[in-house]
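Residue-level structural notes
Chain by chain, the residues run as shown.
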Amino acid sequence: LEVIDARGRRHWSHRDIEGFGDRLTAIIDCTTGWFAEQDWHGVRLTRLLEVPADARSITVVSATGYRRRFPVDDVADLLLATGYEGQALAERHGFPARLVAPGRRGFWWVKWVVSIEVSDVPWWRQPVFPLQ
């Protein structure tokens, strides 16, 4: 995982992220019509990122190229999950890490996360719904 923030560019291994053990219970609300409440574990983004005062958003990018931009104020609510319900993520669920974004629809829950970047671009400068 590559993190780009006020400290520069850093890399975190899967083992590093797993080692934090932060937990969060959240409901994933899939756009295909199902939902499920799960206990997720991984690392809160506040532990990975140093956000400068002038930052406006956080961009989370998947190995597929898919990306979502979040308001800087949401960082404390976001978890980079390595597993749920006491087990590791399966590849189809986003292994090695997926974003858990409580209160947001499933398309905000980026799978296969490879990078997270702090940005001065407003979070709303993206399509309301994903185009890819």
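None of these values were measured; they are calculated from a predicted model.

1. Re the overall build of the chain
Helix and strand content of the chain: two helices and 10 strands. Order of helices (α) and strands (β) in the chain, N terminus to C terminus: β-β-α-β-β-α-β-β-β-β-β-β. Taking 2.2 N^0.38 as the reference for a compact globule, 132 residues should give roughly 14 Å; the C-alpha atoms of the chain span a radius of gyration of 14 Å, in line with that estimate. Long-range contacts, defined here as pairs at least 24 residues apart, represent 59% of the contacts in the chain between residues at least 6 apart.

2. Concerning the nonpolar core
By size, the foremost hydrophobic cluster in this structure holds 35 residues, and its most contacted members are W40, L45 and L80. At the level of secondary structure, the elements contributing two or more residues to this core comprise β3 (22–29), β4 (35–44), α2 (45–48), β5 (57–62), β7 (79–84), β9 (98–100) and β10 (113–119). Setting aside anything within four residues of it in sequence, one finds L80 in contact with L1, I17, H41, G42, V43, L45, L48, A97, R98, L99, V113 and I116.

3. Notes on the side chain of R68
If you trace the backbone, R68 turns up in strand β6 (residues 67–71). With no salt bridge to any partner, buried R68 finds its closest opposite charge in D74, at an N-O distance of 11 Å. Looking at R68, its side chain comes within polar contact range of the main-chain oxygen of P127, at 3.2 Å. Aside from chain neighbours lying at most four places away, what touches R68 is I58, T59, V60, F107, W108, V110, Q126, P127, V128, F129 and P130.

4. Here's the deal with the environment of V75
Structurally, the position occupied by V75 is in the loop between β6 and β7. C-alpha of V75 to C-alpha of F107: the two residues are 32 residues apart in sequence and 17 Å apart in space. The contact partners of V75, leaving out residues within four places of it in the chain, are L45, T46, L49 and I58.

5. As for the packing of aromatic side chains
Applying the stated criterion across every chain, the model contains six aromatic pairs. Relative to F20, the ring of W12 has its centre 5.8 Å away and its plane inclined at 55°; by these criteria the two rings are tilted. Ring geometry for W108 and W123: centres 6.4 Å apart, planes at 50°, overall tilted. Of this pair, W108 sits in the loop between β9 and β10 while W123 sits in the segment after β10, placing them 15 residues apart in sequence. Residue classification places W108 among the buried positions, given a relative accessible area of 8%. These aromatic residues form a ring-pair network of at least three members: F70, F107, W108 and W123.

6. Thoughts on the layout of surface pockets
The volume enclosed by the largest pocket comes to roughly 430 Å³. If you go around the largest pocket, you meet 20 residues; those closest to its centre are I28, R98, G106, W109 and K111. Residue composition of the lining of the largest pocket, grouped by class: 11 nonpolar, six polar and three charged.

7. So, the environment of D73
Mapped onto the elements of the fold, D73 is located in the loop between β6 and β7. Residue classification places D73 among the exposed positions, given a relative accessible area of 67%. Placed 25 residues apart in sequence, D73 and R98 show a C-alpha to C-alpha distance of 19 Å.

Reading guide: rules and limits
- Residues numbered from 1 in each chain as written.
- Predicted model: local features only at pLDDT ≥ 70, side-chain atom pairs only at ≥ 80, totals over all residues.
- Heavy atoms only, no water.
- Helix = DSSP H or I, 4+ residues; strand = E, 2+ residues; numbered from the N terminus.
- Rg over C-alpha atoms; globule rule 2.2 N^0.38 Å.
- Contact = heavy atoms within 4.5 Å.
- Core = buried A, V, L, I, M, F, W, Y, C linked by side-chain atoms within 4.5 Å.
- Buried < 20%, exposed > 50% of the residue type's maximum accessible area, 1.4 Å probe, protein only.
- Lys, Arg positive; Asp, Glu negative; His and termini not counted.
- Salt bridge = Lys/Arg side-chain N within 4 Å of Asp/Glu carboxyl O.
- Polar contact = N/O pair within 3.5 Å; in protein donor to acceptor, adjacent residues only side chain to side chain.
- Phe/Tyr/Trp six-rings, centres within 6.5 Å; stacked < 30°, edge-to-face > 60°.
- 1 Å grid on protein atoms, 1.4 Å probe; cavity = no way out; pocket = protein on both sides within 12 Å on 5 of 7 lines; lining within 4 Å.
- Points joined across faces, edges and corners; volume = space filled by probe spheres on them.
- Nonpolar A, V, L, I, M, F, W, Y, C, P; charged D, E, K, R; others polar.

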